[in-house]
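# A structural walkthrough
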Amino acid sequence: QVQLVESGGGLVQAGDSLRLSCAASGRSFSRYGMGWFRQAPGKDRELVAHISWNDGSTYYADSAKGRFTISRDIPKKMVYLQMNSLKPEDTAAYYCAATVQAGWPGRSRYEYDYWGQGTQVTVSS
């Protein structure tokens, strides 16, 4: 089993920064992919960023490019999402997720196998 625990959400103003953290435990992650998703009220859960645990290759949604950075700390089994220049439209619950697929799994939430409980990010204007 895999357990994922997010932290770092909060209430910030537009233009501020936040760093979300995801602590992973359980099985070996050497072949996993890790993603950060977000879901705003009334909207679908969307992939924000993805990183390969093995080689560190990344993917970003257009909304995140240039502002967000996903990274991982292999010894600590941590995944981070650094979010800069936050906008009110970034307001959402943010979820850490893991997929057992070694390659690029695509953007669908259904390609991910394990989920954290989520952390709320609220950006005021």
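Residues numbered from 1 in each chain as written. Predicted model: local features only at pLDDT ≥ 70, side-chain atom pairs only at ≥ 80, totals over all residues. Heavy atoms only, no water.

Turning to the state of the cysteines, a few remarks are in order. This model, assessed by the stated rule, comprises 1 disulfide. Covalently, C22 is tied to C96 through a disulfide, its sulfur atoms 2.1 Å apart. The sign of the S-S torsion, about -75°, decides the handedness of the disulfide formed by C22 and C96: left-handed. Here C22 is found in strand β3 (residues 18–26), whereas its partner C96 is found in strand β9 (residues 92–99), with 74 residues between them in sequence. Like C22, the residue C96 is buried in the burial classification. (Disulfide = S-S within 2.5 Å. Helix = DSSP H or I, 4+ residues; strand = E, 2+ residues; numbered from the N terminus. Buried < 20%, exposed > 50% of the residue type's maximum accessible area, 1.4 Å probe, protein only.)

Taken across its 8 residues, β9 has 8 buried, putting it largely inside the fold. Strand direction decides the pairing type here: strand β4 (residues 33–39) and β9, joined by 7 bridges, are antiparallel. Following the sheet pairing, F37 is matched in β9 by Y95. Pairing analysis gives 3 bridges linking β9 to strand β11 (residues 119–124), with the strands arranged antiparallel. Of the residues in β11, the one forming a bridge with Y94 is T119. Strand direction decides the pairing type here: β9 and strand β10 (residues 114–115), joined by 2 bridges, are antiparallel. The residue bridging A98 from the neighbouring strand is Y114, located in β10. (Pairing = 2+ DSSP bridges.)

Of note, D90 is situated in the loop between β8 (78–83) and β9. The class for D90 is buried, based on a relative accessible area of 1%. Here D90 is in contact with R38, R67, F68, S85, V121 and V123, once residues within four sequence places are set aside. (Contact = heavy atoms within 4.5 Å.)

So, on to the packing of aromatic side chains. Applying the stated rule across the entire model yields 5 aromatic pairs. With a centroid separation of 4.9 Å and 85° between ring planes, the pair formed by F37 and Y112 is classed as edge-to-face. Here Y112 lies in the loop between β9 and β10 and F37 lies in strand β4, a separation of 75 residues in the sequence. Through a chain of ring-to-ring contacts, three or more aromatic side chains come together here, namely F37, Y95, Y112 and W115. Above the plane of the ring of Y80 lies R19, whose end atom (NZ or CZ) is 4.2 Å from the centre. (Phe/Tyr/Trp six-rings, centres within 6.5 Å; stacked < 30°, edge-to-face > 60°. Lys NZ or Arg CZ within 6 Å of the ring centre and 35° of its normal.)

Within the secondary structure, R27 sits in the loop between β3 and β4. Sequence spacing of R27 and A97 is 70 residues, and the spatial spacing of their C-alpha atoms is 14 Å. Every residue in contact with R27, bar those within four places of it in the chain, is listed here: Q1, V2, Y32, K77 and Y114.

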